[in-house]
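Below, each chain spelled out in residue letters.
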Amino acid sequence: MNTRKKERAGLFGGTFDPVHLGHLRAAEEVREQLSLDMVYFIPAAVPPHKDPSHTTPPRERLDMLRLAVGDNPRFGICDYEIKKSTASYTVETLRHLKGHNPDSDYYFIVGNELFGEIETWKEWRELFRLSNFAVIARPGYSGAKEAKLPLALQNDFSYYKENDNVKFYRDNNSGLIAFSRIKGLEISSTEIRRCVKSGRSIKYLVPASVEEYILRNNIYTRREYQ
Ligand code: ATP
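Peer 1: Looking at this structure, how should I read the overall build of the protein?
Peer 2: A tally of helices and strands in the protein yields 8 helices and 8 strands. Against the 2.2 N^0.38 benchmark of 17 Å for 226 residues, the protein shows a C-alpha radius of gyration of 18 Å, consistent with a compact globule. Along the longest, intermediate and shortest principal axes, the C-alpha atoms of the protein span 50 × 40 × 30 Å. A burial count over the protein gives 48% of its 226 residues as buried. The long-range fraction of contacts in the protein, counting pairs at least 24 apart against all pairs at least 6 apart in sequence, stands at 70%. A total accessible area of about 12100 Å² is found for the protein, and carbon and sulfur atoms account for 48% of it. The positive charge centre, built from 34 side chains, and the negative charge centre, built from 30, are 1 Å apart in the protein.

Peer 1: I would appreciate a short explanation of the site of the ligand in the present structure.
Peer 2: Taken together, 23 residues form the shell around the ligand, and within it Glu113, Arg138, Leu185, Ser189 and Thr190 come nearest. In this structure, Ile187 approaches the ligand through a main-chain N or O atom, which is 2.9 Å from a nitrogen atom. Contacts to the ligand include Thr190, whose side-chain N or O atom sits 2.4 Å from an oxygen atom. Burial of the ligand by the surrounding chains reaches 92%, relative to a free accessible area of 600 Å². Among the elements of the structure, strand 1 (8-14), helix 1 (21-33), strand 4 (105-111), helix 5 (112-115) and helix 7 (189-197) are those that each provide at least two residues to the shell around the ligand. Classifying every residue of the shell around the ligand by side-chain character gives 9 nonpolar, 10 polar and 4 charged.

Peer 1: What is the right way to read the packing of aromatic side chains from this model?
Peer 2: Aromatic ring pairs are defined here through the distance separating the ring centres and the angle between the ring planes. Evaluated as defined, the whole model comprises 13 aromatic pairs. Look at Phe12 and Phe41: their rings are 5.6 Å apart centre to centre, the planes differ by 45°, and that puts the pair in the tilted class. With Phe12 in strand 1 and Phe41 in strand 2 (residues 38-43), the pair connects residues that are 29 residues apart, well separated along the chain. Across the pair, exposure class does not vary: Phe12 and Phe41 are buried alike. Here a set of aromatic residues connected by ring pairs shows up, and it is made of Phe108, Phe115, Trp121, Phe128, Phe133, Phe157, Tyr159, Tyr169 and Phe179. Note that Lys161 overlies the ring of Phe168, its terminal NZ or CZ placed 5.1 Å from the centroid.

So, how was this worked out
Residue numbers run consecutively from 1 along every chain, following the written order of its sequence. With pLDDT at 70 or above as the cut-off, local features in this predicted model cover only qualifying residues; side-chain atom pairs require 80 or more to be listed or tallied, and sums for whole chains, interfaces and linings still use all residues. In computing side-chain properties, one takes all heavy atoms of the structure into account and sets aside hydrogens as well as water. Put simply, DSSP H or I for four residues or longer makes a helix, DSSP E for two residues or longer makes a strand, and each gets a number counted from the N terminus. Atoms counted for the radius of gyration: C-alpha only. Globule rule: 2.2 Å times the number of residues to the power 0.38. Relative accessibility thresholds used throughout: buried, under 20% of the residue-type maximum; exposed, over 50%; partly exposed, between the two (1.4 Å probe, protein chains only). In this analysis, two residues are considered to be in contact whenever any of their non-hydrogen atoms come within 4.5 Å of each other. Computed by Shrake-Rupley with a 1.4 Å probe, the accessible areas treat only the displayed protein chains as cover when residues are assessed. The convention is simple: Lys and Arg are positive, Asp and Glu are negative, and His and the chain ends are not counted. Charge placement uses NZ in Lys and CZ in Arg. For Asp and Glu, CG and CD serve respectively. Note on definitions. A residue lies near a molecule or strand when any single heavy atom of the residue is within 4 Å of it. In protein, a polar contact means a hydrogen-donor-capable atom and an acceptor-capable atom, both N or O and within 3.5 Å, with residues adjacent in sequence counting only if both atoms are side-chain atoms; elsewhere, any N or O pair within 3.5 Å suffices. In this classification, Asp, Glu, Lys and Arg are treated as charged, Ala, Val, Leu, Ile, Met, Phe, Trp, Tyr, Cys and Pro as nonpolar, and every other residue, Gly included, as polar. Only Phe, Tyr and Trp rings take part, Trp by its six-membered ring, and two of them pair if their centres are within 6.5 Å. Stacked means planes under 30 degrees apart, edge-to-face means over 60, and tilted covers everything else. A ring is considered to have a charge above it if a Lys NZ or an Arg CZ atom is located within 6 Å of its centre and within 35 degrees of its normal.

Here it is, written out as structure tokens:
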């Protein structure tokens, strides 16, 4: 009999330009709430919804992520998307990961401001067959306190259970959506890029190693960012 425990892993997709303490704290809180063994950060190569000419090159975003997660044994990085040079769609990444690790129980972690538009994602129905979802109430966004299913999902998913911080919905294929209430930190990458450009401090918004990397390599102050 195979008694090996299924791995429960969070998959946290994003541009991470740069990764900040808001991302790290959210991942840590969700990991605890859902008893995940690991959270893998998945930096996007060319984010489908962002202008590629304004995005920091993949290698530097990856360097910053490595510095940021290096001291947490329960955090890892999946470089599948960033190694591709074309636009990266979540459905393709999930297919790839599920193909290699069919027994893993995945939770795709996403802020509620993005989850609200899930029906605009490529092959969005398929996403729920490949992974569970952990939707985080991102601090500072309207509706942050609400655990609300987007209209497109209301026929397929129904209320399942809840505890203090997480409300679960499930569909007939037993895919789960976990609305996770986190304390979080109201920080965005946009705010950090703006601060650096205008010479303001980013101390305590990103890990010290990431701050040092940004300043040493003139990320966000180089000519291409002007
Ligand atoms: P930008 O300001 O450039 O749009 P961002 O700060 O939103 O960047 P992304 O890399 O685009 O960061 O976000 C990746 C994921 O992390 C998204 O699901 C987003 O909702 C979530 N996220 C970003 N910032 C926070 C935060 N402070 N707390 C919780 N979740 C966050």
